Amino acid sequence: MTPALFSTLPIAPTQLEALAGLGYSAMTPVQAQSLPAILQRKDVIIQAKTGSGKTAAFGIGLLHHLNPRFFGVQALVMCPTRELAEQVGEAIRQLASRMRNIKVVMLCGGKPFGPQRDSLEHGAHIVVGTPGRIQDHLQRQTLDLTSVATFVLDEADRMLDMGFAEVMATITAALPKKRQTLLLSATFPDDIKKMSRAIQRQPIEVKVDTVLTHDETVVEQLFFEIQKHERNT
Ligand code: ADP
Ligand code: MG
């Protein structure tokens with residue numbers, strides 16, 4: 001089967017340019033199966049292993065629905081750790097590289113509070129962060145989530161494993177009821193299903209087992225052990 005190209009999606013030319021800049025032309029199976037629903041603002045739950053291309057799936061979706069002229073937080077992405085949040089923030093910045101003036105603000109623990117508060121004050125389109133620090137900003141009223149249109153829980157199973165269930169519920173309560181919620185997870189245990197029922201509406205389920213291979217032309221190497229007398233030369 002020929003993999004579907006990003007150019008078959010109803011996305012902006014600037015988005016296609018950014019993808020081309022990243023060297024992406026064909027969608028990974030996760031992207032091909034989830035992006036049509038994501039672009040229609042449906043709630044989606046994606047279960048797929050690490051390395052399957054989930055970041056671009058939700059990144060393209062949240063950028064598609066963004067209004068760059070409105071400087072309010074329209075997309076909130078939560079990740080279990082600072083390192084993962086930073087990777088996701090960087091990936092979103094790259095996907096947004098051909099759009100003008102898109103502001104991504106990182107809200108992670110272990111970093112001073114003041115600069116984060118100042119960045120939020122100057123207006124942010126997208127917030128990427130970890131649950132604890134996002135909750136801190138909510139409590140101090142330095143973060144307004146009332147304009148969030150896309151809510152992403154990346155590595156949701158890990159966030160639950162790390163004991164963030166309650167914090168995640170508090171944050172979800174601060175979001176508009178009318179929103180798109182994308183839940184991404186490598187595994188699909190009962191507590192993830194329960195969380196999906198609590199925060200998503202009629203989610204489309206996408207489950208993919210394959211992992212992206214960086215090199216499509218993987219060369220198979222075979223080794224035959226032979227005796228010296230079997231050699232031709
Ligand atoms: P996951 O979140 O599912 O673990 P990532 O979103 O981090 O996976 O993607 C894994 C790797 O695949 C990254 O290096 C990313 O740049 C690359 N990648 C994602 N989508 C594509 C694509 N369509 N074509 C080529 N590479 C891609
Ligand atoms: Mg990921």
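Note that the structure is a prediction, hence the values are computed from the model and not measured.

**Concerning unusual backbone geometry**
Most peptide bonds take the trans form, and the phi angle of most residues other than glycine is negative. Even without glycine at this site, glutamate 155 takes up a positive phi of about 50°. Mapped onto the elements, glutamate 155 comes out in the loop between strand S5 (150-153) and helix H7 (156-161). Its identity is not glycine, yet glutamine 202 carries a phi of approximately 35°, on the positive side. Its location among the elements puts glutamine 202 in the loop between helix H9 (190-199) and strand S7 (204-208). On the accessibility criterion, glutamine 202 (76% relative accessible area) is exposed.

**Considerations on the packing of aromatic side chains**
Under the counting rule described, the total for this entry stands at one aromatic pair. Directly above the ring of phenylalanine 113 sits arginine 140, whose terminal nitrogen or CZ lies 3.7 Å from the centroid.

**Remarks on the pattern of salt bridges**
Counted by the stated rule, this structure contains seven salt bridges. Between arginine 133 and aspartate 136 there is a salt bridge; the shortest N-O distance is 3.9 Å. Placement of the pair is arginine 133 and aspartate 136 together in helix H6 (residues 131-139), with a separation of three residues, close to one helical turn. Owing to a relative accessible area of 12%, arginine 133 belongs among the buried residues under this scheme. In this structure, aspartate 190 and lysine 193 form a salt bridge, with 3.7 Å as the shortest nitrogen-oxygen distance. Of the two residues, aspartate 190 and lysine 193 are both situated in helix H9; the distance of three residues between them amounts to about one turn of the helix. A relative accessible area of 33% places lysine 193 in the partly exposed class.

**Describing the site of ligand 1**
Near ligand 1 lie 14 residues; those nearest to it are Tyr24, Ala26, Gln31, Gly51 and Thr55. Taking tyrosine 24, its side chain carries an N or O atom lying 2.4 Å from an oxygen atom of ligand 1. Residue glycine 53 places a main-chain N or O atom 3.1 Å away from an oxygen atom belonging to ligand 1. When isolated, ligand 1 has an accessible area of 560 Å², and the protein chains bury 73% of it. Class assignment for the residues of the shell around ligand 1 results in four nonpolar, eight polar and two charged.

What counts and what doesn't
Residues numbered from 1 in each chain as written. Chains lettered and ligands numbered in written order. Predicted model: local features only at pLDDT ≥ 70, side-chain atom pairs only at ≥ 80, totals over all residues. Heavy atoms only, no water. Helix = DSSP H or I, 4+ residues; strand = E, 2+ residues; numbered from the N terminus. Buried < 20%, exposed > 50% of the residue type's maximum accessible area, 1.4 Å probe, protein only. Phe/Tyr/Trp six-rings, centres within 6.5 Å; stacked < 30°, edge-to-face > 60°. Lys NZ or Arg CZ within 6 Å of the ring centre and 35° of its normal. Salt bridge = Lys/Arg side-chain N within 4 Å of Asp/Glu carboxyl O. Near = heavy atom within 4 Å. Polar contact = N/O pair within 3.5 Å; in protein donor to acceptor, adjacent residues only side chain to side chain. Areas by Shrake-Rupley, 256 points an atom, 1.4 Å probe, with all protein chains shown as cover. Nonpolar A, V, L, I, M, F, W, Y, C, P; charged D, E, K, R; others polar.

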